[in-house]
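What follows is the residue order along each chain.
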Amino acid sequence: MSTGQIRIGTLVGGGDAVRVIPQIAPHGFESYSLTFWQTTGHTNLAETAKQVRELADQHGFKVSSLGIFGNPLTGAGDNADTLASWERLIDHAHLFGTDIVAGFTGRLTGQSIDASIPRYAEVFGELGRRAADKGVRIAFENCDMGGTWESGDWNIAHNPTAWEMMFNAIPSDHIGLQWEPCHQMVSLIDPIPQLRKWVGKVFNVHGKDATIAWDVVKEYGIHGPKPYVWHRTPGFGDTNWADIITILMQAGYQGTIDIEGWHDPVYKGELEMTGQVHALNYLKRCRGGSFVPNPV
């Protein structure tokens, strides 16, 4: 493929990467984002990196990012190892051939985004310096995890006003976003003008879309008993990903789009990989298909 093309990949559990990647690589995934939930646990990161790099040489993919999804601001309960896991992934990222570590910001449980900013600045000020020293960039996923501006348990990086506060609190070229349209559409935000405005801070893109039932919104609102939005695998949702890829490429984006599966209400269970491979092929078409060299 051309170096100017955006790679299309998928998310894989970091502890399962060596087992899963050989099974799905033949489908044509070009990148993998390796993710951990709350802790890297007992995973030997150096050994995993060695084995993944061997698979990358065999199959021609790249590791786009490492992810740790927990609450590093409190360290409470199952999040006790989340902050240390951020540090480990930052320190080991180069072994995987990636310069991005992603995850949630965390937040002060049950408190507002405003109240969480000082603790965010303290924790990620230090992590940001560690990342910069290692040549690593930190990218925050824009998922609300059921939180609002006033209260939540996981993440403050789900609203553009919060992004402004975060980036003002820590002005750094090494801190940005792991963006996807779905999480904004859930809040009825139009993702296209948002991406055009914030694309310079987008380090990694999750391939996840949404379907909004506007008829339900208009009749019942968003606080009634009827669902009004569904997370979707790309190719089944409302977004034209050719528009997203155009904006990314016009801005000189050098990252990947990694499909975040396991959320679609239809393509789930035994149809999970059917949906993901459809998304893979759809997103490749949206970028223009396979690279075709010009005539000499």
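Refer to the structure printed above.
These figures come from a predicted structure and were not determined experimentally.

Strand order in this closed barrel of eight strands is β1-β2-β3-β4-β5-β6-β7-β10, and the pairing throughout is parallel. Going from strand to strand, the sheet's axes swing by 30 degrees on average, the running direction of each strand aside. Note that strand β4 (residues 100-103) and strand β5 (residues 137-141) share four bridges and pair parallel. Residue pairing across strands places Ala102 opposite Ala139, the latter belonging to β5. Helix α4 (residues 113-134) contacts β5 and β6 (175-179) of the sheet and is inclined by roughly 140 degrees relative to β5. This element, helix α10 (residues 272-286), spans β1 (7-13) and β10 (256-259) of the sheet and lies at about 160 degrees to β10.

This brings us to the packing of helix α1 (residues 17-24) against helix α2 (residues 45-59). At a closest axis distance of 10 Å, the pairing of α1 and α2 adopts a crossing angle of 10 degrees. When the axes of α1 and α2 are compared, the pair comes out roughly parallel. Between α1 and α2, the residues in contact are Ala17, Val18, Ile21 and Pro22 and Thr48, Gln51, Val52, Leu55 and His59, respectively. Class assignment for the residues of the contact of α1 with α2 results in six nonpolar, three polar and no charged.

Turning next to the pattern of salt bridges. The final tally for this structure, using the stated rule, is 12 salt bridges. Between Asp16 and Arg19 there is a salt bridge, and its shortest N-O distance comes to 3.7 Å. In this structure Asp16 comes out as partly exposed when scored by relative accessible area, which is 38%. By sharing partners, the salt bridges in this structure join Glu30, Lys284 and Arg287 into a single network.

The backbone phi angle of Met145 is positive, close to 50 degrees, even though this residue is not glycine. Within the fold, Met145 resides in the loop between β5 and α5 (160-169). For Met145, a relative accessible area of 31% gives the class partly exposed. Residue Trp262 is not a glycine yet carries a positive backbone phi of 70 degrees. Structurally, the position occupied by Trp262 is in the loop between β10 and α10.

Quick look at the packing of aromatic side chains now. As enumerated under the stated definition, the model contains 14 aromatic pairs in all. Seen in terms of ring centroids, Phe29 and Tyr32 are 6.2 Å apart; in terms of plane orientation they differ by 55 degrees. Their pairing is tilted. The exposure classification of Phe29 matches that of Tyr32, with both residues buried. Joined through ring pairs, the aromatic side chains of Trp37, Phe69, Phe104 and Trp154 make up one cluster. Here Lys201 stacks its cationic end above the ring of Phe167, 4.5 Å away from the centre of that ring.

Here we take up α1. Regarding α1, the residues found buried are Ala17, Val20, Ile21 and Ile24. One face of α1 carries all of its buried residues, which in axial projection span an arc of 100 degrees. The exposed set on the far side of α1, more than 90 degrees from its buried face, consists of Arg19 and Gln23. The inward-facing, buried residues of α1 contact β1, β2 (31-37), α2 and α10.

Look at helix α9 (residues 241-250) against α10: their axes get within 8 Å of each other, and the N-to-C directions meet at 55 degrees. Compared by their axis directions, α9 and α10 come out oblique. Remark: the crossing between α9 and α10 carries right-handed chirality. On the side of α9, the interface is formed by Trp241, Ala242 and Ile245, while α10 contributes Tyr282, Leu283 and Cys286. Counted by class, the contact of α9 with α10 contains six nonpolar, no polar and no charged residues.

Conventions adopted
Residues numbered from 1 in each chain as written. Predicted model: local features only at pLDDT ≥ 70, side-chain atom pairs only at ≥ 80, totals over all residues. Heavy atoms only, no water. Pairing = 2+ DSSP bridges. Helix = DSSP H or I, 4+ residues; strand = E, 2+ residues; numbered from the N terminus. Axes fitted to C-alpha atoms, helices over the stretch in contact; angles between N-to-C directions. Contact = heavy atoms within 4.5 Å. Parallel < 35°, antiparallel > 145°, perpendicular 65-115°, else oblique. Nonpolar A, V, L, I, M, F, W, Y, C, P; charged D, E, K, R; others polar. Salt bridge = Lys/Arg side-chain N within 4 Å of Asp/Glu carboxyl O. Buried < 20%, exposed > 50% of the residue type's maximum accessible area, 1.4 Å probe, protein only. Phe/Tyr/Trp six-rings, centres within 6.5 Å; stacked < 30°, edge-to-face > 60°. Lys NZ or Arg CZ within 6 Å of the ring centre and 35° of its normal. Arc of directions from axis to C-beta. Left-handed = near helix turned anticlockwise from the far one by under 90°.

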